[in-house]
Amino acid sequence: MTDMERLEKFKKLQEMINGPEAENFLNYWDGRFFTGDMTFIFDKVPYNMFFYKGKMIDVYMGKPANGYYVGISGSAEQWEDFFKHRNFQLATSIKHNPLCFENLGSALANRQNNAVIAQVMRLAAKAICD
């Protein structure tokens, strides 16, 4: 998959989060509290998503101008592994996964937004793979 094709998949993710998945994302996963940038890096290519109160406002390739707020960075191999099991805890566990993702931004911001990051990762897997 090319970088531009993956960007199109992220735009599909934006439609999912703002459309059919909105109720679950905003209320069950507490997405309504999330405002800011969330970046997923695939093999050194950053895909930045900007949220405002749980609505995905924009998605683009590139590092946010104000630096990483929260996000995940991984190689193609790490993402493919995640797409198979879609388990956030396993994907980010240093203890249980030799292909552990790297967290972006501050540790505190990542912990505070853990459920939202996990849900966006699972929805991204659905948008990219299904």
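Quick caveat: nothing in here was measured; it's all calculated off a predicted structure. (Residues numbered from 1 in each chain as written. Predicted model: local features only at pLDDT ≥ 70, side-chain atom pairs only at ≥ 80, totals over all residues. Heavy atoms only, no water.)

**Student:** I keep staring at the environment of Tyr-68 and nothing clicks. Help me out?
**Tutor:** Here Tyr-68 is to be found in the loop between strand S3 (55-61) and strand S4 (70-74). In this view, Tyr-68 contacts Thr-39, Ile-41, Pro-46, Lys-63, Leu-104 and Gly-105; residues no more than four positions away in its chain are not counted. (Helix = DSSP H or I, 4+ residues; strand = E, 2+ residues; numbered from the N terminus. Contact = heavy atoms within 4.5 Å.)

**Student:** Looking at this structure, how should I read the pairing of strand S2 (residues 45-52)?
**Tutor:** In the case of a regular strand, side chains alternate between the two sheet surfaces. Summarising burial for S2: six of the eight residues are buried, a large majority. Pairing of strand S1 (residues 36-42) with S2, which is carried by seven bridges, proceeds in the antiparallel orientation. Its bridge partner lying in S2, Phe-42 is registered against Val-45. Here S1 folds back onto S2 in antiparallel fashion, the turn holding two residues, of which Asp-43 has a positive phi close to 45 degrees. With six bridges joining them, S2 and S3 adopt antiparallel strand pairing. Paired with Phe-50 across the two strands is Asp-58, which belongs to S3. What sits between the antiparallel neighbours S2 and S3 is a turn of two residues, in which Lys-53 has the positive phi angle 50 degrees. (Buried < 20%, exposed > 50% of the residue type's maximum accessible area, 1.4 Å probe, protein only. Pairing = 2+ DSSP bridges.)

**Student:** Just to check I follow, could you spell out the side chain of Thr-39 for this structure?
**Tutor:** Among the secondary structure elements, Thr-39 is positioned in strand S1. For Thr-39, the side chain forms a polar contact with the side chain of Asn-48, separated by 2.7 Å. For Thr-39, the residues in contact, after removing those within four places along its chain, are Pro-46, Tyr-47, Asn-48, Pro-64, Tyr-68, Val-70, Gly-71, Ile-72 and Leu-104. (Polar contact = N/O pair within 3.5 Å; in protein donor to acceptor, adjacent residues only side chain to side chain.)

**Student:** Would you mind showing me how to read the confidence of the model for the chain here?
**Tutor:** Interpretation of this model should avoid reading the predicted coordinates in detail wherever pLDDT is low. Mean pLDDT over the chain stands at 91; residues scoring 70 or higher make up 100%. Per-residue pLDDT, averaged within each element of the chain, yields its smallest value for helix H4 (residues 88-92) (82) and its largest for S2 (96). (pLDDT = per-residue confidence, 0-100.)

**Student:** What exactly am I supposed to notice about the layout of surface pockets here?
**Tutor:** Over the atoms a probe the size of a water molecule is rolled, and this reveals where empty space is left. Here the largest pocket is characterised by a volume of approximately 210 Å³. Forming the boundary of the largest pocket are Ile-72, Phe-88, Gln-89, Thr-92, Asn-103, Gly-105, Ser-106, Ala-107, Asn-110, Arg-111, Asn-114 and Ile-117. Of all elements in the fold, only H4, strand S5 (102-105), helix H5 (107-112) and helix H6 (114-129) reach the threshold of two or more residues within the lining of the largest pocket. (1 Å grid on protein atoms, 1.4 Å probe; cavity = no way out; pocket = protein on both sides within 12 Å on 5 of 7 lines; lining within 4 Å. Points joined across faces, edges and corners; volume = space filled by probe spheres on them.)

**Student:** Is there a simple way to explain the environment of Met-38 in this structure?
**Tutor:** Tracing the chain through its elements places Met-38 in strand S1. Judged by relative accessible area, Met-38 falls into the buried class, the value being 0%. Spatially, the C-alpha atom of Met-38 lies 8.3 Å from that of Ile-72, the residues being 34 residues apart in sequence. Apart from residues no more than four positions distant in its own chain, Met-38 is found in contact with Tyr-47, Asn-48, Met-49, Phe-51, Val-70, Val-116, Ile-117 and Val-120.

**Student:** Would you mind going over the nonpolar core with me for this structure?
**Tutor:** Across soluble globular proteins, nonpolar side chains show a tendency to be buried alongside one another. With 37 residues, the main nonpolar core has Leu-13, Met-38, Phe-40, Met-49 and Val-120 as its most contacted residues. It is H6 that contributes the most residues to this core, ten residues altogether. Sequence-distant contacts of Leu-13, that is, excluding residues within four places in its chain, are made with Met-49, Met-56, Val-120, Leu-123, Ala-124 and Ala-127. (Core = buried A, V, L, I, M, F, W, Y, C linked by side-chain atoms within 4.5 Å.)

**Student:** Would you mind showing me how to read unusual backbone geometry here?
**Tutor:** If a residue is not glycine, its phi is most likely negative; likewise, a peptide bond is most likely trans. Its identity as a non-glycine residue notwithstanding, Asp-30 has a phi of 60 degrees, on the positive side. On the secondary structure map, Asp-30 appears in the loop between helix H2 (22-28) and S1. Phi is positive for Lys-44, close to 70 degrees, though the residue is something other than glycine. Here Lys-44 is to be found in the loop between S1 and S2. For Lys-44, a relative accessible area of 78% translates into the label exposed.

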